[in-house]
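Summary of the model geometry
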Amino acid sequence: MSGKFQNPTQDPLLLRIFLSLVAIGFVALFLVLPLLIVFKEALADGLGKAFAAIIEPDALSAVKLSLLAAGIAVPLNTVFGISAAWAVAKHDFSGKTILVTLIDLPFSVSPVVSGLIYVLVFGLQGWFGSYLLDHDIHILFALPGIVLATIFVTFPFVARELIPLMVDQGRDEEEAAISLGASGFSTFCRVTLPNIKWGLLYAVLLCNARALGEFGAVSVVSGHIRGQTNTMPLHVELLYNNYDYVGAFAVAALLALLALLTLVFKTILEWRYADELAAMHRH
Amino acid sequence: MSAFGLALTPMKLRQRRVLPGFGLSLGFTVFYLTVIVLIPLMALVIRPFALGFGGFWTEISTPRVLASLRLSFGMAALAAVIDSFFGLIIAWVLVRYRFAGKGLLDALIDLPFALPTAVAGIALSTLYAPNGWIGAILIAHGIRIAYTPWGVLVAMTFIGLPFTVRTLQPVMSEQSQDVEEVAATLGATRLQTIFRVVVPMLLPTLLTGTAMAFARGAGEYGSIIFLAGNLPMVSEIAPLLIITKLEEYDYAGAAAIGVVMLAAAFVMLLALNALQAWAARRR
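Residues numbered from 1 in each chain as written. Chains lettered and ligands numbered in written order. Predicted model: local features only at pLDDT ≥ 70, side-chain atom pairs only at ≥ 80, totals over all residues. Heavy atoms only, no water.

A few points about the interface of chain B and chain A
Often, the extent of an interface is quoted as the loss of accessible area on bringing the components together. In this complex, chain B contributes 94 residues to the contact, which on the side of chain A involves 93 residues. Counting the surface lost from both chain B and chain A, the interface buries some 8,200 Å², and carbon and sulfur atoms represent 79% of this. On inspection of chain B and its partner chain A, the count reaches 2 salt bridges. Here Lys-266 of chain A ties to Asp-110 of chain B by a salt bridge, and the two come within 2.4 Å at their closest N and O atoms. Run the count over chain B and chain A and you get 17 residue pairs in polar contact (both at pLDDT 80 or more). Here the side of chain B that touches chain A takes 18 residues from helix 2 (residues 22-46) of chain B, the largest share from any one element. Taken together, the residues of the side of chain B that touches chain A break down into 70 nonpolar, 15 polar and 9 charged. (Contact = heavy atoms within 4.5 Å. Buried area = accessible area lost by both parts, 1.4 Å probe. Salt bridge = Lys/Arg side-chain N within 4 Å of Asp/Glu carboxyl O. Polar contact = N/O pair within 3.5 Å; in protein donor to acceptor, adjacent residues only side chain to side chain. Helix = DSSP H or I, 4+ residues; strand = E, 2+ residues; numbered from the N terminus. Nonpolar A, V, L, I, M, F, W, Y, C, P; charged D, E, K, R; others polar.)

Pasting the structure below:
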């Protein structure tokens with residue numbers, strides 16, 4: 001070191017190598033290996049067997065149910081997120097902090113508890129249990145329960161991305177549009193929406209990934225009826241517990257591909273549109 | 001009450017509401033929040049107290065329930081400490097160093113967010129089983145992970161890692177490097193600078209990430225149940241016991257555990273808010 005200039009904010013080379021190896025090693029061991037094993041096990045009996053496990057009727061109906069539940073839950077939470085962000089970011093009112101904390105609450109609740117609460121409301125011994133039974137309305141162990149649980153676990157995604165983004169962007173542009181005579185609706189569509197579109201896409205992407213992959217909450221309310229109320233992750237569990245490892249890992253590989261695709265899009269959005277995402281995602 | 005009114009009046013006089021849609025957006029936000037989140041959570045909180053506090057306590061104080069709560073929270077704490085240690089190193093490497101493949105390493109960190117927990121669960125179970133890639137090596141050294149409480153730890157560490165890394169990263173990259181130069185000028189070695197200047201400055205953020213990883217781990221279900229063996233009193237986590245009790249139609253027992261987990265989540269949320277206020281003051 002003597003005589004040579006050493007940047008005081010840079011770690012010595014040996015430390016750099018050591019810490020990099022620790023970081024890469026930990027990620028490889030804990031994150032990459034599980035991902036690899038999914039594809040390895042799925043292809044254990046060849047691509048044909050894996051493909052057959054995915055296009056088998058029960059698996060297909062699980063795919064359909066997952067897409068349907070996400071297809072209902074994600075748009076509803078998107079409308080909610082936009083509405084919450086519009087109220088919180090563009091207006092002043094007391095109790096705002098409490099409202100934002102309550103919106104975040106579902107993220108802190110265990111997935112199993114997220115399912116349990118709907119059982120306590122709609123289950124046989126629940127609040128509306130006997131009423132629903134009398135009127136032959138099925139919420140638990142049917143699509144509505146699965147959708148509700150999915151909505152709950154993905155509840156904050158859009159709101160918590162849009163609120164900080166829209167607070168950052170301020171109100172000047174919207175106020176200018178309104179004072180120039182634009183209607184509220186066209187102000188939203190032509191001023192606000194273009195400003196938040198990448199942040200919104202980012203949030204919807206993550207919301208959708210979680211909606212398709214949710215396991216704990218849906219597991220409580222689904223009833224596990226094969227080919228009827230099993231979503232993709234529940235179908236994975238069923239196959240795995242029946243020792244059909246190739247089938248379980250084939251469907252799991254499909255979910256893992258979706259997860260990887262989500263990560264790719266997310267990374268692209270973070271690189272390309274960093275300035276148009278909430279500050280916490282800017283690298 | 002009057003102080004409250006006084007505080008609100010001047011603000012109202014100064015700025016009239018310019019942007020439209022306040023009533024509609026706030027109304028829908030509060031309605032959706034109440035129907036989806038607050039009322040069902042209320043159903044959970046009320047349920048175990050149907051038999052009074054004594055009834056709640058009888059449900060909670062059985063050895064099996066206490067053992068499951070101890071396992072979930074104890075292992076979550078341990079996993080959060082592991083995640084914060086390695087998260088600190090990974091975030092440091094990602095923010096401070098440059099090397100080929102850094103972008104890939106960065107993108108991979110979010111894998112536990114994107115990968116459905118059931119997929120992670122069967123992957124970890126296959127890896128750590130006595131004949132799995134990692135399990136076989138460990139068993140040769142007399143260490144058994146799968147179907148023991150240590151399986152719970154492995155899954156919680158997997159699921160919690162992104163929380164510590166992603167909390168630290170933005171704060172680290174914003175942190176000014178002047179203080180490190182000052183420390184170096186004053187004769188500190190690089191390691192002294194890191195451990196006595198850099199890490200203490202990051203402490204509130206590090207604790208925030210640790211608390212988030214802990215909260216997530218304590219409530220985790222999907223990635224654990226395939227790996228843990230689920231033996232009552234030994235490797236049975238609290239969320240699984242909730243499901244077991246629901247399957248026995250013991251709603252009150254399930255709800256009692258749910259209330260404890262919800263209360264813990266709430267305490268963590270308050271602690272996180274306090275930590276963030278501390279971090280903001282320190283910056």
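Picking up where we left off.
Quick look at the confidence of the model for chain B
Close inspection of predicted coordinates is inappropriate in any region flagged by low pLDDT. Residues and elements named next belong to chain B. When pLDDT is averaged along chain B, the result is 90, and 94% of the positions lie at 70 or above. Within the model, the stretch residues 1-14 combines pLDDT values under 50 with 3 contacts to residues more than four positions away or in other chains. For this predicted complex, the interface score ipTM comes out at 0.93, while the overall pTM is 0.92. (pLDDT = per-residue confidence, 0-100.)

Describing unusual backbone geometry
The phi angle at Asp-136 of chain A is positive, at roughly 55°, despite the residue not being glycine. Along the chain, Asp-136 of chain A turns up in the loop between helix 6 (129-134) and helix 7 (143-153). Of note in this structure, Asn-230 of chain B is not a glycine but carries a positive phi near 55°. Inspection of the secondary structure assignment puts Asn-230 of chain B in the loop between helix 12 (222-228) and helix 13 (238-247).

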